[in-house]
Amino acid sequence: MKSAKRAFVCAWLCLLLLAGCTLPLSAPVVQEAEPATDNVRQSGAPALPEERAGAPPRLVDRLVYRQTPVLTRVVDGITALRLEPWQQEVAVGSGPVELTWQLDTHDARPYRGLLRTEGAEPAQVRTVLGVIQARFEPPLPDRWTAWLEGVAGSHTQLVRHPEPTVVLGYRAADGTVVPLEGTEAILPAGPLRLLLEFDQAVDADSLTSWLSGVRQCTALPVALAQGTGDRWWIETEEAPVRLYLDLRTVVAAGSGLPVARYPLTVWSEAGLPYLERVDLATGRAEELLRLPPEIREAWPSPDGARIALRSWRSHGDQWRDDRVSVVDLTGNQVIGTTLQGGSLHWVGGRLVNRVPGGSAEGAWELWDPDTGEKTGGEPPLSALAAGMPEAVAFSPDGRAAAYVGPAPGAGAGGAEPAPSPLVLVDLRTGTVRTIPGFVETGGPSGEGAALEVAWSPDGNRLAALEPVTGAGGSRVVVYDLERDARTTAAELPVHAWQARLAWSPRGDRLLAYGGGGGTWIIDPEGGDAVHVADSGHAQAFWDRTGERILAARGPWDGVFVYTLADGTRVELGDGLPAGWAGDAVYIIRRPYAPCGLPLP
């Protein structure tokens, strides 16, 4: 068995190398694709004369890749199969199928002419150096055959079977079974009895192997019991704080096809993050309310009445940090939104969102917290184009937007880019003002990269970080709209393309954070910048006086308050900083250690 597995792996690696190392990890593909009509003759058609020269080579191996609607990657023994010499029939599902023959030759003869099929024609044929691969696309018959003329052992009959499906649920306290639909669910705290109801018999060994991964994510014993028919129950004394259930490695007892069900992530109510208010004067901590899972960042509103949260959310087989919810601190509740979080801004009491990859019509969204709905309202967003960078800043009065525009000639033949302009957009009239030369070294850092801009509280100045060529750091540049003048402040060892800036409430200082070089306090009029030691998280907040900041060492690590006057700090434990409330701070706590969730 070990030697067979080694041969199987080697064969797949050979195909991957033939396809080129730059291809994504999906079905192995060989090069030299041509339309099937150019490569394959109908069964029984005579071979071309040049193909009759010499005896056909010997078959070394046959490989089958059987993609399913919810499992499109190569999984050894499930979607990727090595056929034994005696095996003439293989089960496939409802997705595309690729059948590959490997011959004992590496010459460049046109062996594609040997391919014959009955019952279905391949959509594509690829060949290179003795490897022939035929790809069949749905819709397909229930049974078809493919072989290489004159090559012993090449006949392969492909038989379509339905992939097994499963219904998930849990037994509630009253004995009823509550179905678990979609890709996420929150379970009540307490004992868990999870139901897996398959529509056909599944291989018990594959189910047991899958369960071993589940056991690794809980400190309590996990029992598996079979109910009536094809029902199975998973039981634990306490619902795990988080459980990632990917049943696609469980296979049907007969066909070996994987379960057609996207992964489900479940959380226990007891393991959800929560918002805590810490009074700095007394040290008293108060838990306010439970929050959605997998929070990435928090954005308090300027009036301190709300906090916008962006979280990871499951989209089938992918996780994206695009869930947006809002904490209403006055009503002590969490409000869900339909926003697809990209970059969030509080503007005029409303939440503005730039949708990732949005079209010209749907690039910007405006959400009204009073109605809980998307709205037109103020500010009008029609003046904002889809093509502007994601790093757009809105003026304190909500009447204008600003961003660092692309440098003229950026990306043209590797030439040195010209300085990047500051672009101002009047949201009421749509008038655009361009101020050239705002960032002198503003060439693009990469696809989607943009420099952040920050408005001063009085709306008269804008600040950004300018990359320092060759040094890997940045310098602070400030533009005064009243004086129509650009000035520079301190140089910092932070990455301009990743850092953010925030003005103090009085407009006399700037805060730079999140650029890989810690947190810095800058005097916009010049002078030395002050480094806040042991800080590196991508969020930090001024208090209402501009004399203290709330920051953290890293994500979910070491929240603290730093006082500018004497450089002292108050450590507040692990979590995410979430803003100020007078002499108190908001911190998001997470009462568990992550396990088993495949986030980037």
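Residues numbered from 1 in each chain as written. Predicted model: local features only at pLDDT ≥ 70, side-chain atom pairs only at ≥ 80, totals over all residues. Heavy atoms only, no water.

### Thoughts on the overall build of the protein chain
Moving on, step 1. For the protein chain, the helix and strand inventory stands at 3 helices and 46 strands.
Moving on, step 2. Buried positions account for 51% of the 600 residues belonging to the protein chain.
Moving on, step 3. Within the protein chain, contacts between residues separated by at least 24 positions form 55% of all contacts whose residues are at least 6 apart in sequence. (Helix = DSSP H or I, 4+ residues; strand = E, 2+ residues; numbered from the N terminus. Buried < 20%, exposed > 50% of the residue type's maximum accessible area, 1.4 Å probe, protein only. Contact = heavy atoms within 4.5 Å.)

### Digging into the sheet that holds strand 25 (residues 343-347)
Moving on, step 1. Taken together, the 4 strands give an open sheet; going across it, the order is 25-26-27-28, and neighbouring strands pair in antiparallel fashion. Across the chains shown, the open sheet's two edge strands, defined by having one partner strand only, are strand 25 and strand 28 (373-374).
Moving on, step 2. Bridge analysis of strand 25 against strand 26 (residues 350-354) gives 5 bridges, and the strand direction is antiparallel. Across the sheet, the residue bridging to His345 is Val352, located in strand 26. (Pairing = 2+ DSSP bridges.)

### Some remarks on the pattern of salt bridges
Moving on, step 1. What the rule picks out here adds up to 40 salt bridges.
Moving on, step 2. In this structure, Asp104 engages Arg58 in a salt bridge whose closest nitrogen and oxygen atoms are separated by 3.8 Å. Here the residue Asp104 occupies a position in the loop between strand 5 (97-103) and strand 6 (115-118), and Arg58 occupies one in the loop between helix 2 (36-39) and strand 2 (59-66), the gap between them amounting to 46 residues.
Moving on, step 3. Judged by relative accessible area, Asp104 falls into the partly exposed class, the value being 40%.
Moving on, step 4. Residues Arg506 and Asp508 are paired through a salt bridge, measuring 3.7 Å at the closest nitrogen-oxygen approach.
Moving on, step 5. Each member of the salt-bridge network shares a partner with another, and the members are Arg296, Glu297, Arg310, Asp321 and Arg500. (Salt bridge = Lys/Arg side-chain N within 4 Å of Asp/Glu carboxyl O.)

### A few points about the environment of Glu181
Moving on, step 1. By the secondary structure assignment, Glu181 is in the loop between strand 12 (177-180) and strand 13 (184-187).
Moving on, step 2. For Glu181, a relative accessible area of 62% translates into the label exposed.
Moving on, step 3. Residues Glu181 and Val167, 14 residues apart in the sequence, show an inter-C-alpha distance of 8.2 Å.
Moving on, step 4. In contact with Glu181, not counting residues within four places along its chain, are Arg261 and Leu264.

### Focus: unusual backbone geometry
Moving on, step 1. Here Pro138 and Pro139 are connected by a cis peptide whose omega angle stands at 0 degrees.
Moving on, step 2. As for its placement among the helices and strands, Pro139 is situated in the loop between strand 8 (131-136) and strand 9 (143-148).
Moving on, step 3. In the Ramachandran plot, Leu129 falls in the positive-phi region, its phi being about 45 degrees despite a non-glycine side chain.
Moving on, step 4. If you trace the backbone, Leu129 turns up in the loop between strand 7 (124-128) and strand 8.
Moving on, step 5. Despite not being glycine, Trp556 shows a phi value in the positive range, around 65 degrees.
Moving on, step 6. Here Trp556 is to be found in the loop between strand 42 (548-554) and strand 43 (557-563).

### A closer look at the confidence of the model for the protein chain
Moving on, step 1. Across the protein chain, the average pLDDT comes to 84, with 84% of residues at 70 or higher.
Moving on, step 2. No element of the protein chain has a lower mean pLDDT than helix 1 (residues 2-19), which averages 40, and none a higher one than strand 10 (residues 156-160), which averages 98.
Moving on, step 3. Taken as a whole, residues 1-52 scores under 50 in pLDDT and shows 98 contacts with residues more than four places along the chain or in a different chain. (pLDDT = per-residue confidence, 0-100.)

### Let's talk about the side chain of Thr156
Moving on, step 1. Examined against the element boundaries, Thr156 turns out to sit in strand 10.
Moving on, step 2. Under the relative-accessibility criterion, Thr156 is labelled buried at 1%.
Moving on, step 3. At a separation of 2.9 Å, a polar atom in the side chain of Thr156 contacts the side chain of Arg62.
Moving on, step 4. A polar atom in the side chain of Thr156 sits 3.1 Å from the backbone oxygen of Ser154. (Polar contact = N/O pair within 3.5 Å; in protein donor to acceptor, adjacent residues only side chain to side chain.)

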